[in-house]
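# Structural overview
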Amino acid sequence: MRTGKLQLGHGLRAASLIAAGVGLLAAQAVPSLAASKIGVTAAVNPDAEGTPPDAATRVLYVGIDMQADERVTTSADGRAQLLFLDGSAMSVGPNSDLVLDRFVYDPATDTGDLAVTVGRGVFRFVGGRISKREAVKIETGSATIGIRGGIAMINVGDGGDVQSSFLFGDEMTVTSAGQTQRTNMPGTAIEAGAGQPPQPPRILSRGEITSSLAAFNGRPPGSGGRDGAGAAGGQGGNRGAAGNGRSGNAQAGTSTGAAARSGTRQAEAARNLDGDSSNDRIGAGDPTQGQSGDADVDPDRALVSSGVSGSASSEQPSGVDPVTPEGRQAGSTAGSRPPPTESGSTAEGAGGRSVADAGAERRSSEDAIADFGRLEQQTDQTVAEGSTEEEQDGLPAPSPTVAGRLLRDPVFDGIDTQTLAVQFLGDNTPFLATAEVAGGRIRPVTVTGAAFDFPYQATGSEYAVSAATATGPFDSFSGRMYVAADGSFWRVAGTGHAAGADGGAHEFILFGGTQTTLAQLPTSGTTALAIGGLLAPLPFLGGDLPIDSQSAGIAVSPFYLRHGPGIAFSQRQAGAAPPLGYQASLMISGTGAAQTSFMAGAVATIVEEGSPGSGLPALSGRLRGSYKEAGHDAPVALRSSLSSVGLARGSAVFGDAGQYLVLNPSALTMNPQTGQVTRQTAAMLARQPDGLVDTDDDYFVLAAQPGGTTPDDFLQSRTSRSMRGFTGGTGFVTTGGETGGAVFIDTGAFGSMPGGLSLQTDSANGTVTASMVLADVLGGSARVLYFGGDGNGTTAQPSSALIDDDRYIALESPTYNAVTGTGQTAKSQDLVLVTAASVDPAQLGLQPCECAFLDWGFWSGAVSLQDDSEERYHMASWVAGELPSLAQIPTTGTASYGGHIIGSVFNDGANYIAAGQMGANWNFAERAGGFEVTGFDAANYTGQLVSQDGRAIVGAGQTADAARQMALNGAFFAGGGNPVAAMGGHFIVQNASQSYAGGGTWALDQVQ
């Protein structure tokens, strides 16, 4: 395999990591931007427009720079969210009209001036830094509203009547007809008729709040009822509720509905945020689906979940604010529309789609593959991958009772690096013609006449085969064979020297069995299938990576598949939940510069291949991942589609319930209008960072079958949750052909609602949504990455899967492109986030936190920006949980915590993953404590922790010889009725010379 070598230590920019990181945590400085730019659009629904001064009206979409004096209007279906450079956010409801009058901001002093004029409509304002020092002015036709350090909703009627609702903060004033009313009580409103003095503040009812929020939570046209927010109709109870089993606590659930896990805690959090909590960063307001309940993300959900009085409610708004609406492509530009498919639908290229396509469902990038060689179909017969019917002329037809195929190395020739399409070589077109079983032997014969003879042992266990026990078109052969106990599936894989050839060894795979029909598939329940590469020790490896079956630190999950009734296209259109599943493989082998690491995750569904009504099931999905062969190597990004191997008719789905599958990188594409599912031969792309070496390609063949091992807590709890968290690690930035190292953390800030990671699970739809606001602590702008979300309905390429509260995955969002703090959007992105509980973390050589009330895991990614720069992330870590309100934090007593710390470092030119153990103690009265880290990259640290508000935590420490320093940021997390059941956060570390630098996350359980 070709590799790119990096002198990573020399690639680090010369800056004090700790100083930069502490500055980021404490101040959250916003990157400097052009003077004319006052903010960006962070979320947009169809039918929202902006008119800059002296410029034509434009359709708004995510990432557009907003200017002073720009007018923003929305129609009955329009909504938008605007993020200002000081962190303020303005959500604009339907049928609204406003002008961004004035914005001046000095980030050095956190001072400035922000004024907006609203003509009509409904608006929600979340204060940023300016509002902490000076009241922000919102003018209407007859009133002036002042908001200081808080959140307010403003409703201006067509006749000029004003209702201003104060949700939380320092103060709100309403001045009209020369008189002023003021309030500092959350959940109150001040009203003023057109030209009339304002009325005294009054308390809002829950119904009034819900009605106001409905303006921001509507569904976009053509969404088919799909909510933009993450959670819908989930199950109740806290994480420690009876029946969870995760922590063993028998605490009764206290709330129900989709927001049950957050409930009143979110409402209390919104009420108790301090001044920095509103929007202290570019990207705060978190334009992603279903938020965690703090003010800079989605305070509305908190208030609706509990009402002003704090009582629990099962209601949860489902809306699109601050979510970019379904059907709107972030970062799209006019003229970027890809070519149409044969069916008339539009396939996605690397850069998204045009604004004109904003109302259509966005398809994932692999969906374009089918446009490069869509296979003909006759009488519901799917033509071979990479072959045509003409290539089969003169050959015997496959038996209608025999289904199978021979795949032989080399499989294909060349790859289109944009679409991943390849052309199969001739030796890989043969299907099985016959497969006679007699006398303890099986004799498969392909349509090309290749005949084999193997021992047939229907035991459900693998056994060795060789030239001594088998015959075929080879001089020598060794391999492994498997036959299902019921005889419905068999496979053999190995290496042989082809008879009469040049003597070179060739890998081959031969398989067959009784195909499954659509009607045989289960429509409920969850299956855990054992999965493995037939010619490689890890799934999704084609043999290039130097890993053998004896390598340490390998953790492979089963292929989790949660069945659903939405298999046929008509069922999906009717809203039936489709089957969703995933598989994750992780490896951390070795230490230091000699370490090899690997991460891959695949998400899949079951579709009906060919035309609706064909009755032919096929597994379809996509894969993302990354690996590093050694510490001095660049990370290689993996991108692939995934499907059951195409056969003469249908695909490699066998058994009486589809429990046996053979998978490869080929791509299935579903036309969202007709339900037609087409197939394209494809391979996996292994891509080095731009500027190092060319791309490489690879091929895998996997087998999935019964026998997957599951932990004791498997399927014990599956709920809709809204979580907040942290992330950290190292990355690589390539600009102008030069690649250098970077250390990044999320932009969670001291004094605000902690954490720059927002993560939501939706139990009803089985989906996961996440966003993370990242900053390179050595410099550069902030950036927002989006995972999961929509795309699991009428698509063959799902973006996320939720199996239970511990096991889930999300790939890059099919709806939103990554965006930087300067408003630059990604032209392509490959992302994968997975929980560590998907596998056994101990197999990675870690001693992880039990984490009964925290989720944690890894993520990888490759993001290419419009300026042709590229960012790479390899096995960064994350941690998330449910935040307590400030009022819930104890003010007396002490507690001790224990768990793990994990991250990645640059060390004298090498880049690798390191982990250690961590403990902490805390005095709640003093809001202070200490921590101790042992064994992190063979070093020990001690230091102090403090909190300003009692919930958000910062700390600093060093090694005994002061050679290395560590800075921490984190928070307390709630669970099982204990508001301080866990601690977690991110960290950065460095030495004085900066030849050593890194970052990651830590997770601790309360131990006493």
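Notes on the structure in this doc start here. Because the structure is predicted, anything quoted here is derived from the model rather than measured.

This part is about the overall build of the chain. Helix and strand counts for the chain come out as seven helices and 62 strands. Residue burial in the chain is summarised as follows: out of 1008 residues, 64% are buried. By sequence separation, contacts in the chain at least 24 residues apart represent 63% of the contacts at least 6 residues apart. In the structure as shown, the chain presents an accessible area of about 31000 Å², 48% of it carried by carbon and sulfur atoms.

A few words on the sheet that holds strand 56 (residues 910-923). Strand order in the closed barrel formed by eight strands is 55-56-57-58-59-60-61-62, with antiparallel pairing between adjacent strands. Sheet twist, expressed as the average angle between the axes of neighbouring strands with direction ignored, equals 25°.

Let us now look at the packing of aromatic side chains. By the definition in use, this model includes 26 aromatic pairs. Seen from their ring centres, F936 and F987 are 5.4 Å apart, and the 85° between their planes marks the pair as edge-to-face. Within this pair, whereas F936 is found in strand 57 (residues 928-936), its partner F987 is found in strand 61 (residues 978-991), the two being separated by 51 residues in sequence. The exposure classification of F936 matches that of F987, with both residues buried. Ring pairing ties together the aromatic residues Y482, F489, F511, F654 and Y660, which thus form one cluster. The lysine or arginine in question, R964, covers the ring of Y996, its NZ or CZ lying 3.6 Å from the ring centre.

The biggest cluster of nonpolar side chains holds 37 residues, and the ones touching the most others in it are M90 and L98. Among the nonpolar cores identified, the runner-up in size contains 36 residues, and L586, I803, A836 and F973 belong to it.

Let us look at the sheet that holds strand 25 (residues 454-455). Pairing between the strands of a sheet is mediated by backbone hydrogen bonds and can be parallel or antiparallel. The three strands lie next to each other as 23-24-25, forming an open sheet whose pairing is antiparallel. This sheet does not close on itself; its edge strands, each paired only once, are strand 23 (432-438) and strand 25. Both strand 24 (residues 441-446) and strand 25 contribute to a ladder of two bridges, which runs antiparallel. Each residue of the ladder has a partner; that of R441, found in strand 25, is P455.

Moving on: the state of the cysteines. Covalent bonding between the sulfur atoms of two cysteines defines a disulfide. Taken as a whole, this structure holds one disulfide when the rule is applied. Between C849 and C851 runs a disulfide, and the two sulfur atoms are separated by 2.3 Å. Classification of the bridge connecting C849 and C851 rests on its S-S torsion, roughly 130°, and on that basis the disulfide is right-handed. Neither residue differs from the other here; C849 and C851 are each classed as buried.

For the coordinates displayed, the defined rule picks out 22 salt bridges. The closest approach of N and O atoms between R480 and E462, which form a salt bridge, is 3.5 Å. Of the two residues, R480 sits in strand 27 (residues 474-483) while E462 sits in the loop between strand 25 and strand 26 (463-466), which places them 18 residues apart along the sequence. One salt bridge connects D830 with R624, and the closest N-O pair in it is separated by 3.2 Å. With a gap of 206 residues between them, D830 in strand 52 (residues 826-835) and R624 in strand 35 (residues 617-628) connect regions that are remote in the sequence. As far as the burial class goes, D830 and R624 line up, both buried.

So, on to the pairing of strand 38 (residues 660-664). Of all the five residues making up strand 38, five are buried; the element is thus mostly covered by neighbouring parts of the structure. Both strand 36 (residues 636-644) and strand 38 contribute to a ladder of two bridges, which runs antiparallel. From the neighbouring strand, S644 faces strand 38, where its bridge partner is L663. Sheet topology note: the strand 37 (residues 653-654)/strand 38 ladder contains two bridges and is antiparallel. By the bridge assignment, V653 is partnered in strand 38 with L661.

This next bit is on unusual backbone geometry. Positive phi is not limited to glycine here, since D69 has a value of about 70°. Mapped onto the elements, D69 comes out in the loop between strand 4 (65-67) and strand 5 (71-74). Of note in this structure, C851 is not a glycine but carries a positive phi near 50°.

Positionally, Q583 belongs in strand 33 (residues 580-589). A distance of 3.0 Å separates a polar atom in the side chain of Q583 from a polar atom in the side chain of S585. Residues within four places of Q583 in sequence aside, it is in contact with I531, P539, F540, V556, S557, P558, F559, A600, G601, A602 and I809.

Parameters at a glance
Residues numbered from 1 in each chain as written. Predicted model: local features only at pLDDT ≥ 70, side-chain atom pairs only at ≥ 80, totals over all residues. Heavy atoms only, no water. Helix = DSSP H or I, 4+ residues; strand = E, 2+ residues; numbered from the N terminus. Buried < 20%, exposed > 50% of the residue type's maximum accessible area, 1.4 Å probe, protein only. Contact = heavy atoms within 4.5 Å. Areas by Shrake-Rupley, 256 points an atom, 1.4 Å probe, with all protein chains shown as cover. Pairing = 2+ DSSP bridges. Axes fitted to C-alpha atoms, helices over the stretch in contact; angles between N-to-C directions. Phe/Tyr/Trp six-rings, centres within 6.5 Å; stacked < 30°, edge-to-face > 60°. Lys NZ or Arg CZ within 6 Å of the ring centre and 35° of its normal. Core = buried A, V, L, I, M, F, W, Y, C linked by side-chain atoms within 4.5 Å. Disulfide = S-S within 2.5 Å. Salt bridge = Lys/Arg side-chain N within 4 Å of Asp/Glu carboxyl O. Polar contact = N/O pair within 3.5 Å; in protein donor to acceptor, adjacent residues only side chain to side chain.

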